[in-house]
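Below are the chains, spelled out letter by letter.
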Amino acid sequence: MKRFLRPGIDQGLIFMILAIGAWLRCYHLSDIPFTYDEFSAIIRTHFSTFNELIDKGVRIDGHPAGVQVFLYYWIKIFGINEVIVKLPFIFCGLLAVWLIYRIGSEWFNSTVGLVAASFLSFLQYPVMYSQIARPYGSGLCFALLMVFFWNRLVFYPQNRKYLNVTGYILAGALCTYNHHFSLLFAFMVGVTGLLLCKRENIRSYLLVNLMILILYIPHLPIFFHQLSVGGIEGWLQKPRYDFIFDYLQYIFQFSVYVYLLVFLLISLALYWYEDKPVVKKKFLFISLGWFLIPYLAGFIYSKYVNSVLQYSVLIFSFPFLLFLLFGYFKTEKPVHKIVVVSLIAVIVIPSLVAGRKHYELFYHSPYREIVVVSKYLTDSLGAGNCAVILGTPEKINAYYLKKFHYSDLRYVSEDSLGVNGHIRSFLDNTKSAYLVYGTIPSSQWEHYALIIERFPYLIKHIMYCGGDLYLFSRYKPLKEKTEYFYEVVNDFETIRPEWINTDESNSKDSLPLNGTRSYWNIDTSEFSPTFFKPLRDLIRTGYDVVDVSVDVRIPQIFPGAWLVTSVTSGKKIISWRSIPVNTFVTPGHEGKAFISLRVSDIDLKHHALIFNAYIWNPMKLSYEMDDFTVRVRHDNPVIYGLYRPVEP
């Protein structure tokens, strides 16, 4: 009876885990939008030949060819549709749940397998990457599939030998073509097998791994080309030494309840301790190595060569962190299994839905929503009465305009406006009473301050994870949305305590820009008066934006000066950003220059952060300045909500 009951409990629980995992991944399946990375991959499938795909769609990217080639043929057959494109990756995510259960059961026992499967099924980390048609959900599946067959090949070489050899070779090859970190994982698995293989099986094991290498040989030219290009340091910062702690918080959803759950499960594993069976410590050591080596390799390479380390690339080794944490469970009592699986479901799923707001944030893509809401606003206010500037990429806009039949939506692409002076010209020439402005993190953040000068009233601000939409008006409405909570202006009529390096003798009343006096930077001064204030005294949250503007009059010959913001900690520069004054003001004229700092883009973990704003004039040419203004506004607290804590 016990023999019958235990498999029944296991099968029932894993079926429930898979069913819930499928529901979490397929909830409102048709509403799951494409991410920017997915659009990038889809756009790189629009080639007429395979060679063109490799040259223009793969070599220029930082990933192996596997997923890109798959998408190329998949889209050719089924077309571009969110559901169709994402389904294979969702299936991979669910298969990974079943595989981790099987591996955990074989390495340790079925309780460990069920605990690991529950976390892999319910946590946002694997759920979200299963919903994205990129090499992370697929690579997680291929890595576990390789380990599944590796386990049989190394420890049970005589059982279903040809099936295990074939499965191991195919899974290993898929890992190598999927992602460079899944390639590293496949290499680790292969080397580990050499250490554990019986002596009489080493030759055949080497031959099997040689087959994986042979299958990868066609990809070597692409691999070496991509290696020579380097990482993604243009937008990915080098990791801090505490990256691993940020990662642990992220995978456990920044939730105190999930942290306590992990602690409780480890405590239960010790409390339900039994003398037999003995914990197979070799699998704990394997799990430790398979999790730590990719992390350390990525960290060292990112720190000293090019940045590549991010949460997504560690997903292939994530299952072995779960084994490391929960591999000490030895109880196999049905009631204990029901308790632990239920605990994980009851705590992790609400944290995913309510705490992380996964479906609220992930399902409302700024690329889609900005187009849809812009269309609604222009229809409501009148197309002739509402100008639209979209900072979203043109090819993505084209996809949604076609999908929703919005061919009559008139807008200007922010990219087409070029440098800041062109958007200023557009704003000066438009006669519309309203302006809609859609932004993404790569947008020029000083454009907000530039727009508010000409459309001074903010009517609406809609915040998305990864973007914002603003509605501005020229005319004061009945109800205005105010975002600025701090403002200080140096008109140079008197000495302001927030500004340092101010020479009072340079404050003159001849030809003032505004008021009765302006500040003249004489031809021996490289730096203007500098706004200087502790950052934490300036902002209220880590998602505020500091807008800086200054009125200047520059001479006819003025080759270069820059409006600068910087954040320093002691002698260390944490952030430094500059914009040429000439992009706003033509030499020989007067006007206003702008620059903004988005606080969420800098590392706030340093001590005693100081914010500075000034004009840097390395050629030491004379110019005039006035109304040096620093304003701080609340901004989007969920701009990076999928990867950082979400404010309640």
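Residues numbered from 1 in each chain as written. Predicted model: local features only at pLDDT ≥ 70, side-chain atom pairs only at ≥ 80, totals over all residues. Heavy atoms only, no water.

### Some details on the overall build of the chain
Logical step 1: Looking only at helices and strands, the chain has 23 helices and 16 strands in total.
Logical step 2: Long-range contacts, defined here as pairs at least 24 residues apart, represent 79% of the contacts in the chain between residues at least 6 apart.
Logical step 3: Taken as a whole, the chain presents about 28,900 Å² of accessible surface, with 63% of it coming from carbon and sulfur.
Logical step 4: Where the 60 positive side-chain charges of the chain centre and where its 50 negative ones centre are 13 Å apart. (Helix = DSSP H or I, 4+ residues; strand = E, 2+ residues; numbered from the N terminus. Contact = heavy atoms within 4.5 Å. Areas by Shrake-Rupley, 256 points an atom, 1.4 Å probe, with all protein chains shown as cover. Lys, Arg positive; Asp, Glu negative; His and termini not counted. Charge placed at Lys NZ, Arg CZ, Asp CG, Glu CD.)

### Some words on the packing of helix H10 (residues 180-196) against helix H15 (residues 281-304)
Logical step 1: Where H10 contacts H15, the axes come no closer than 10 Å and their chain directions differ by 140°. In terms of orientation, H10 and H15 fall into the oblique class. Crossing angle aside, the handedness with which H10 passes H15 is right-handed. Here H10 contributes Phe181, Leu184, Phe185, Met188, Val189, Thr192 and Leu196 to the contact with H15, which in turn contributes Ile286, Gly289, Trp290, Ile293, Pro294, Ala297 and Gly298.
Logical step 2: Classifying every residue of the contact of H10 with H15 by side-chain character gives eleven nonpolar, three polar and no charged. (Axes fitted to C-alpha atoms, helices over the stretch in contact; angles between N-to-C directions. Parallel < 35°, antiparallel > 145°, perpendicular 65-115°, else oblique. Left-handed = near helix turned anticlockwise from the far one by under 90°. Nonpolar A, V, L, I, M, F, W, Y, C, P; charged D, E, K, R; others polar.)

### Here we look at the sheet that holds strand E15 (residues 609-616)
Logical step 1: Strands sit in the order E7-E10-E15-E12-E13 across an open sheet of five strands; the sheet is antiparallel. The sheet is open, and its two borders are formed by strand E7 (499-500) and strand E13 (572-580), each paired with just one other strand.
Logical step 2: Of the strand pairs in this sheet, E7 and strand E10 (residues 530-534) are connected by two bridges, and their pairing is antiparallel. Across the sheet, the residue bridging to Ile500 is Thr530, located in E10. (Pairing = 2+ DSSP bridges.)

### Thoughts on the environment of Phe15
Logical step 1: Its place among the elements puts Phe15 in helix H1 (residues 2-26).
Logical step 2: In this structure Phe15 comes out as exposed when scored by relative accessible area, which is 62%.
Logical step 3: Taking the C-alpha atoms as reference, Phe15 lies 9.1 Å from Trp98; in sequence the two are 83 residues apart. (Buried < 20%, exposed > 50% of the residue type's maximum accessible area, 1.4 Å probe, protein only.)

### A closer look at the sheet that holds strand E5 (residues 467-473)
Logical step 1: The strand order E2-E1-E3-E5-E4 describes an open sheet built from five strands, whose pairing is mixed. Bordering the open sheet on either side are strand E2 (412-413) and strand E4 (457-464), each of which pairs with just one other strand.
Logical step 2: Pairing analysis gives six bridges linking strand E3 (residues 434-439) to E5, with the strands arranged antiparallel. Across the sheet, Thr439 pairs through a bridge with Asp468, a residue of E5.

### Structural notes on the layout of surface pockets
Logical step 1: Reported here for the second largest pocket is a volume of approximately 390 Å³.
Logical step 2: In terms of lining residues, the second largest pocket is bounded by 16 residues, among which Ala186, Phe187, Asn209, Ile212 and Leu213 are the most central. (1 Å grid on protein atoms, 1.4 Å probe; cavity = no way out; pocket = protein on both sides within 12 Å on 5 of 7 lines; lining within 4 Å. Points joined across faces, edges and corners; volume = space filled by probe spheres on them.)

### Quick look at the nonpolar core
Buried together is how nonpolar side chains tend to be arranged in soluble globular proteins.
Logical step 1: Counting 111 residues, the largest nonpolar core has Trp107, Phe119 and Trp150 as its most contacted members.
Logical step 2: Examining the composition of this core, we find that 14 residues originate from one element, helix H8 (residues 135-155), more than from any other.
Logical step 3: Look past the residues within four positions of Phe119 in its chain and what remains in contact with it is Pro126, Phe252, Leu261, Val262, Leu265, Leu322, Phe326, Ile344 and Val348.
Logical step 4: Ranked by size, the runner-up nonpolar core spans 57 residues in total, among them Tyr448, Ala593, Ile595 and Tyr623. (Core = buried A, V, L, I, M, F, W, Y, C linked by side-chain atoms within 4.5 Å.)

### Section: the pairing of strand E16 (residues 623-633)
Logical step 1: With eleven of its eleven residues buried, E16 lies for the most part within the structure.
Logical step 2: Here strand E6 (residues 484-490) runs beside E16; their pairing, made up of six bridges, is antiparallel. Pairing of Tyr484 across the sheet is with Arg633, part of E16.
Logical step 3: Where strand E9 (residues 518-521) meets E16, three bridges bridge the pair, whose relative direction is antiparallel. By the bridge assignment for E16, Tyr519 is matched with Met625.

### Some remarks on a nonpolar patch on the surface
Logical step 1: Residues Tyr241, Phe285, Leu288, Leu292, Leu296, Ile300, Tyr304 and Val305 make up a contiguous nonpolar surface patch of about 840 Å² in total accessible area.
Logical step 2: Locating Ile300 in the fold gives a position in helix H15.
Logical step 3: Ile300 sits in the partly exposed class, given a relative accessible area of 47%. (Patch = residues over 30% accessible without salt bridge, like charges linked within 9 Å, V, L, I, M, F, W, Y side chains within 5 Å. Salt bridge = Lys/Arg side-chain N within 4 Å of Asp/Glu carboxyl O.)

### What to know about the state of the cysteines
Logical step 1: Summed over all chains, the structure comprises zero disulfides.
Logical step 2: Of all cysteine sulfurs, the one in Cys175 lies closest to Cys197, which takes part in no disulfide; the gap is 18 Å.
Logical step 3: Of the residues examined, Cys197 reaches a relative accessible area of 11% and is grouped as buried. (Disulfide = S-S within 2.5 Å.)

### Details of the packing of aromatic side chains
Logical step 1: This structure, assessed with the given rule, holds 69 aromatic pairs.
Logical step 2: Residues Tyr27 and Tyr363 carry aromatic rings whose centres are separated by 6.5 Å and whose planes lie at 40° to one another, so their mutual orientation is tilted. Here Tyr363 lies in the loop between helix H18 (358-362) and helix H19 (366-381) and Tyr27 lies in the loop between H1 and helix H2 (36-43), a separation of 336 residues in the sequence.
Logical step 3: Ring geometry for Phe531 against Phe611: centres 6.0 Å apart, planes inclined by 65°, an arrangement best described as edge-to-face. Of this pair, Phe531 sits in strand E10 while Phe611 sits in strand E15, placing them 80 residues apart in sequence. Comparing Phe531 with Phe611, the two get one shared label, buried.
Logical step 4: When the ring centre of Phe148 is taken as reference, the NZ or CZ atom of Arg152 above it lies at 3.9 Å.
Logical step 5: In this structure, Arg633 packs its charged tip against the face of Tyr448, placed 3.6 Å from the ring centre. (Phe/Tyr/Trp six-rings, centres within 6.5 Å; stacked < 30°, edge-to-face > 60°. Lys NZ or Arg CZ within 6 Å of the ring centre and 35° of its normal.)

Any link to function would need more than the numbers given here.
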